[in-house]
Amino acid sequence: MNFFEREISKYERRIKHIRENPDPSKAQSNLLLYEMFLDHRKEQLRAAEKHEPFIYMGEPGGNRLPRALGLNVACIVAAADRAGSETQRYLQIYRAAGFPPNTCDRIQVALGLAISGDLPPPSLIYTCLHFCNPSGYGDINLAHYLGCKYFAVEGEEYESSNDTLMAMVHQLEEFAAFAEENVPGAKFDKEKLKQLQQIDIQAREILRGVQKYMKSVPAYLAGQDVLRMGHIELREHPRYLEYMRTLRDELAYKAESGQPAVPNERLRFYWLVSAPFFYNPFEFLAKRGVSVPMYEASQLGSGHRAEPGDDSTYGRHLNELEEEARTRNCGGSWAGLAENRVKDIAKVSRDYNIDGIVHFQLMGCHTLCGSATVVGERIEKEMGIPSLYVEGYCLDQERFDQTQFETQLNGFIDICLGRKAERRE
Amino acid sequence: MNKDNEIEKRFQQLLSANDEAKRTKRALEWKREGRKVIGVLCHYVPEELIYALGMLPLRITGTWRESTPMASHYRIANSCQFHTHVVDSFLSGEYDFLDGIVATDWDDDARRTFDILLHTGKATGFATIFHLPKGSSERECQVFHKWVLRLKTGLEEHFQAKINDDNLAQAIEVYNETRLLLMKLYELRKRESSPVSGAEALRLVTASFTMPKNEFNNELKSLFPYLERRKAPVEKLKPRLLVSSDKLFHPGYLELVEKAGAIVAMDDMDTGSRYFWGTVDTTLSDKVYALSKRYLTHTPCPRTILAWEQQIDQVIEWVKEYNIDGVLNFPQLYSLCQNFGTPHFEKRLRKADILVATVERDYSLVNTGQILTRVQAFIEMVEEKNNK
């Protein structure tokens, strides 16, 4: 079975289970989410079976332009996150290809998946070089390995000036021209790009409706609920905004019910970088009275600085390509110097009344883990908020030591409780 | 013979300039003379701008001590060990005398190293990092040029001095002379009997990092007649290997390869040929642009991935020109840029019918037994092919 077929089978099973075992205590939006994913994978499978051209890119954050070119997009890192039981096989394929084993396991699994043949072969790989080395170098060397064309854009992550924005616009124009020349059927549709951007702006506005429930003390939304937002690769589904509204309303109802996310909330943690996808640390923390009202990589987290539709960043309203360039130009606070990340994390820590910060040290992520101690020490010095640095993997379950992980979290909880008690005195 | 012995002593003294105990010696003397020293963390930094202001650009070599306890507090274990060793050097106070540092965002680790040096107060005085594009197209040259201009302006404002056409032209002349001298020496390595071993060539290039270039040039020029008749002190002149690597500063690694039974006749390294290959075009009227163009386009590395194909072409050419029997790809264990490129590099070379092997190494000289075994195996493979 290829990737799309496995996904289709998975979502069919889940939908069947929900329909046969209705549970009003579970989120109804999940059913809609699975139905949308099912439709999406079926459409991708159809395109693959008709031998329509596909392009690869890492994550769906920058896939509006490729979609506006009419391209079928396989977001290999997002797909890797769903590798499930195939994870170890993809890791072996990746390593057998001679690529470095000490990099982020999400990239390893993504490249292994791309090489495995479980996805349709790409006509083109589209990448962004300045976010992090593993994604950029991984994508281009994957293109060499597969013998396909690639196109890379590169921003200057240190500034979001009009100059750098326009430099990125020119690169995106070059990409569009390159795609039209090299991928059969590719044709830029400006109206479609505008439409996709509008959907994202609306989705973000909908999400903001629940933000107050995360900021409140105690938090009415935390943990997995904070992660469960976005799925922007589904934005073209006709029910996408309906899903976002349903999700918002369900989360709001849960919050308004008066039951905090974590009964007897004692502490509030800000969770950085990423988390093990095969294990729920938030459940573990919740049992100990710790809520996680914000997660760095979530759609509303500090990891994302490029606000679509925001006219203030560049002092003017951006046109469609400029809006696209915004996300590529200075999209995340993690890729530039640590100072930016310190400012963003400090702001979130203040806004969400954070007692402790967990730096999930994703092994192989030099960009984020390389700045962790600098960020942690600065935040502690300036705000008195302590940090925990805990190593882990997102996908490689075989290397995960649950006992050690939980021991470290427990120790940190004790530290934070002690600090909080001192502050009260 | 006595005269040759004397000259050989002088040559060995020059070669030892970047040894751990000596590498800051000239820089400290420079400081005592009332002059300034700027630490340079990357070979893409246009040193001529610093030199034009009468300051000494000191290319930083991280400590060769095996353990890096101070750096470990900030650096994750499986990241670039060059940067970890550099951080440890700074944190242990070895570079406290610097008047500034200039870095590039060569990779994620380079950025984070700069962050650590800022955070710990070790990046004092003039501290700057600039963006290094990953290709060398005209657009990227313009981007790089913008950053080089900012570096120029930054230096001028901080040190209240002017980089003008005259002093910049003089600096370029001196640096071009260094490049031409080293290229001339490397030309001699094409001979069946090279005048220098691979380890010595590395020590010579890294020696140039530690002193004013005019002093280096004068000394090397005076040694040249001797070098032209010198024979490299290696056990075997065949097989001839080309070593490709990044951030390889410790000559012990090349000594190990040569003790294993080969000679390193050429290299593709930022601490070797890539540092000096290609001069700045002095016919261009805009000298800063000429500098930018040379630094960005001269010899790409796996890091400058969008232009790297031309460097692989260059390596293939060198294999023919230098009569190379095999290429040893010698990446540092946690260097993502080079390691991601390994499958493609090997594939291109094998397609050109060149024997290639990849052996990973650390930054300081450790795990030599394991490395020696793998290098020996490669040399045997090369000898077997030669004998057929």
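Okay, so let's go over this structure.

The rules behind these values
Residues numbered from 1 in each chain as written. Chains lettered and ligands numbered in written order. Predicted model: local features only at pLDDT ≥ 70, side-chain atom pairs only at ≥ 80, totals over all residues. Heavy atoms only, no water. Helix = DSSP H or I, 4+ residues; strand = E, 2+ residues; numbered from the N terminus. Rg over C-alpha atoms; globule rule 2.2 N^0.38 Å. Buried < 20%, exposed > 50% of the residue type's maximum accessible area, 1.4 Å probe, protein only. Contact = heavy atoms within 4.5 Å. Areas by Shrake-Rupley, 256 points an atom, 1.4 Å probe, with all protein chains shown as cover. Lys, Arg positive; Asp, Glu negative; His and termini not counted. Charge placed at Lys NZ, Arg CZ, Asp CG, Glu CD. Buried area = accessible area lost by both parts, 1.4 Å probe. Salt bridge = Lys/Arg side-chain N within 4 Å of Asp/Glu carboxyl O.

**Brief notes about the overall build of chain B**
Alright, step 1. Across its full length, chain B carries 16 helices and eight strands.
Alright, step 2. Over its C-alpha trace chain B gives a radius of gyration of 20 Å, about what one expects of a compact globule, namely 21 Å for 388 residues.
Alright, step 3. In terms of its C-alpha atoms, chain B occupies a principal-axis envelope of roughly 65 × 50 × 40 Å.
Alright, step 4. Looking at the 388 residues of chain B, the share that counts as buried comes to 65%.
Alright, step 5. Considering only intrachain contacts with a sequence separation of at least 6, the fraction spanning at least 24 residues in chain B is 76%.
Alright, step 6. As displayed, chain B offers around 13,800 Å² of accessible surface, 50% of which is attributable to carbon and sulfur atoms.
Alright, step 7. If you average the places of the 53 positive and of the 54 negative side-chain charges in chain B, the two averages end up 1 Å apart.

**Structural notes on the overall build of chain A**
Alright, step 1. When you go through chain A residue by residue, the secondary structure sums to 17 helices and eight strands.
Alright, step 2. In summary, chain A has a C-alpha radius of gyration of 21 Å against a globular reference of 22 Å for 425 residues, a match within 12%.
Alright, step 3. On chain A, roughly 17,000 Å² of surface is accessible, and the fraction owed to carbon and sulfur atoms is 49%.
Alright, step 4. For chain A, the distance from the average position of its 51 positive side-chain charges to the average position of its 61 negative side-chain charges is 4 Å.

**As for helix H11 (residues 252-259) of chain B**
All names here are of chain B.
Alright, step 1. In terms of burial, H11 is a largely internal element, six of the eight residues being buried.
Alright, step 2. Elements that come into contact with the buried residues of H11 comprise helix H9 (198-207), strand S5 (240-245), strand S6 (263-269), strand S7 (326-329) and helix H16 (368-387).
Alright, step 3. Immediately beyond the C-terminal end of H11, within one or two residues, lies Gly261, with a positive phi of roughly 115°.

**Looking at the interface of chain B and chain A**
Alright, step 1. Across the contact, 43 residues belong to chain B and 48 residues belong to chain A.
Alright, step 2. Interface area, chain B with chain A, both sides summed: about 3,800 Å², of which 56% is carbon and sulfur.
Alright, step 3. Among the residues of chain B in contact with chain A, Arg112, Leu336 and Phe340 of chain B are the three that bury the most area, contributing 20% of the side total.
Alright, step 4. There are two salt bridges connecting chain B and chain A.

**Regarding the environment of Pro218 of chain A**
Residue and element names in this part refer to chain A.
Alright, step 1. Within the secondary structure, Pro218 sits in the loop between helix H9 (190-215) and helix H10 (224-227).
Alright, step 2. Residues Pro218 and Gln259 lie 41 residues apart in sequence; the distance between their C-alpha atoms is 9.4 Å.
Alright, step 3. With residues up to four places along the chain from it excluded, the contact list for Pro218 reads Pro260, Glu265 and Arg268.

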